[in-house]
Amino acid sequence: MDTTEVTCWETAVLEGGPADGLRMKVSDRPRVIQVTLPCKLEAASPDGVRAEAVYLYRRDYGVADEPLRYGFDIASP
């Protein structure tokens, strides 16, 4: 993501799921934020392969002022 022309950063907070309460700065009010968490592998991978769990948070369009809110999408992949 190219951030050289970003003019406005806004505070956003994630609600629910594994990142509940996490606060961050976002630009351009993204519709979705993806959060990843590492998974433990039973054995070390010689090729550096790793596994991560993916969670999605969708913007609450009813919130127009900071902090923007993103709710956990329980149906995320």
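### Observations concerning unusual backbone geometry
Peptide bonds are trans in most cases, and residues, glycine excluded, mostly fall at negative phi. The step from E66 to P67 runs through a cis peptide bond, and the omega angle for that step is -5 degrees. Along the polypeptide, P67 turns up in the loop between β4 (51-59) and β5 (68-72). A positive phi is found at D28, a non-glycine position, where the angle reads about 65 degrees. Counting through the fold element by element, D28 comes out in the loop between β2 (23-27) and β3 (32-39). With phi around 45 degrees, R29 is a residue other than glycine that occupies positive phi space. Among the structural elements, R29 can be located in the loop between β2 and β3.

### Topic: the pairing of β5
Direction of pairing for strand β1 (residues 9-15) relative to β5: parallel, over a ladder of four bridges. Directly across from L14, in β5, lies its bridge partner Y70. For β4 and β5, the ladder comprises three bridges, and the chain directions are antiparallel. Counterpart to R58 in the pairing with β5 is G71.

How each quantity is defined
- Residues numbered from 1 in each chain as written.
- Predicted model: local features only at pLDDT ≥ 70, side-chain atom pairs only at ≥ 80, totals over all residues.
- Heavy atoms only, no water.
- Helix = DSSP H or I, 4+ residues; strand = E, 2+ residues; numbered from the N terminus.
- Pairing = 2+ DSSP bridges.

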